[in-house]
Amino acid sequence: MTALHKRRCGPCTACCVSLKIEAPELAKKAGEPCRHLKGGCGIYENRPDVCREFLCGWRLFEEFGDDWRPDLSGVLMMRKAPSELPPAWQGQPYGVHMVIIGGEAAVRRPAFAEQVARLVARNIPVVMSAASPSTLVNEHLTPATDLRSKLLELYALLHAARWERGYLRMIPSLYRL
């Protein structure tokens, strides 16, 4: 596994496409490629602070191996500060937001459910989204929950909300934040 201080984005451009950026110098919608993305960052040496300061979870969390680089895993992770978490979870040191960018296949990876289980067992808030509303996974689990099935169900609901079709009557249950 590559040491954190040696991890580099390499060919991964997930954050350049998947994230909404509100900084005036680089405003863009989620799911829209950055205007400077041309096989890689066309302004890398002079990129704005919003890009220079961003580190995805793969570059921040040691427990995620090399196969968790977003372009390989289909999951873009971000660290959430306590102030960004629902009030009941603000006592935790941080949360992990998992943005599903690789579709259902990313959620079906055995490593996905295993990693979510490890985080939840440590009482780390896990937020999941799919270019859609997000949900706090921890609040959907019980000791008897089949984690993989629940994650697939939540992904399907989030995905349906993204396209505004399907399970929309069930979406209010996601907003227990």
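Residues numbered from 1 in each chain as written. Predicted model: local features only at pLDDT ≥ 70, side-chain atom pairs only at ≥ 80, totals over all residues. Heavy atoms only, no water.

**Side note on the side chain of R69**
The condition is simple: Helix numbering and strand numbering both begin at the N terminus, where a helix is a DSSP run of H or I of at least 4 residues and a strand a DSSP run of E of at least 2. For this analysis, residues touch if any pair of their heavy atoms sits within 4.5 Å.
Looking at the element boundaries, R69 is found in the loop between α3 (57-60) and α4 (70-73). R69 has contacts with R8, C9, P11, C12 and W58, leaving out every residue within four places of it along the chain.

**Overview of the nonpolar core**
Put simply, the rule reads: The set of buried Ala, Val, Leu, Ile, Met, Phe, Trp, Tyr and Cys residues whose side-chain atoms join them within 4.5 Å is what this entry labels a nonpolar core. Only protein chains enter the calculation, and the probe is 1.4 Å; a residue is then buried if its accessible area is under 20% of its type maximum, exposed if over 50%, and partly exposed in between.
Core analysis: the largest hydrophobic core is formed by 33 residues, its most contacted members being W68, M98, I100, F112, M128 and L151. Where this core is concerned, the elements lending two or more residues are β1 (75-80), β2 (95-100), α5 (103-108), α6 (110-121), β3 (126-129) and α7 (147-163). No other element matches α7, which puts six residues into this core.

**So, the environment of K20**
Here is the rule we go by: What qualifies as a polar contact is a pair of N or O atoms within 3.5 Å, subject to a donor-acceptor requirement within protein and to the restriction that residues adjacent in sequence count only when both atoms come from side chains.
Relative to the helices and strands, K20 resides in the loop between α1 (14-18) and α2 (49-52). Separated by 14 residues in the primary sequence, K20 and C34 place their C-alpha atoms 9.8 Å from one another. For K20, the contacting residues outside a window of four places in its chain are K28, K29 and A30. Here the side chain of K20 touches E22 through a polar contact of 3.2 Å, side chain to side chain.

**Things to note about the packing of aromatic side chains**
What counts here: Only Phe, Tyr and Trp rings take part, Trp by its six-membered ring, and two of them pair if their centres are within 6.5 Å. Stacked means planes under 30 degrees apart, edge-to-face means over 60, and tilted covers everything else. A ring is considered to have a charge above it if a Lys NZ or an Arg CZ atom is located within 6 Å of its centre and within 35 degrees of its normal.
Taken as a whole and assessed by the stated rule, the structure comprises four aromatic pairs. Plain terms: the ring middles of F61 and Y94 are 5.5 Å apart, the flat faces sit at 25° to each other, and that makes the pair stacked. Highlighted residues: F61 in the loop between α3 and α4 and Y94 in the loop between β1 and β2, separated in sequence by 33 residues. On the basis of relative accessibility, which here comes to 13%, the residue Y94 falls in the buried class. Ring pairing ties together the aromatic residues F61, F64, W68, Y94 and F112, which thus form one cluster. Over the aromatic face of Y44 sits the side chain of R47, whose NZ or CZ is 3.9 Å from the ring centroid. It is R109 that lies over the ring of W68; its NZ or CZ is 4.8 Å from the centre.

The values reported here are purely geometric and, on their own, carry no functional implication.
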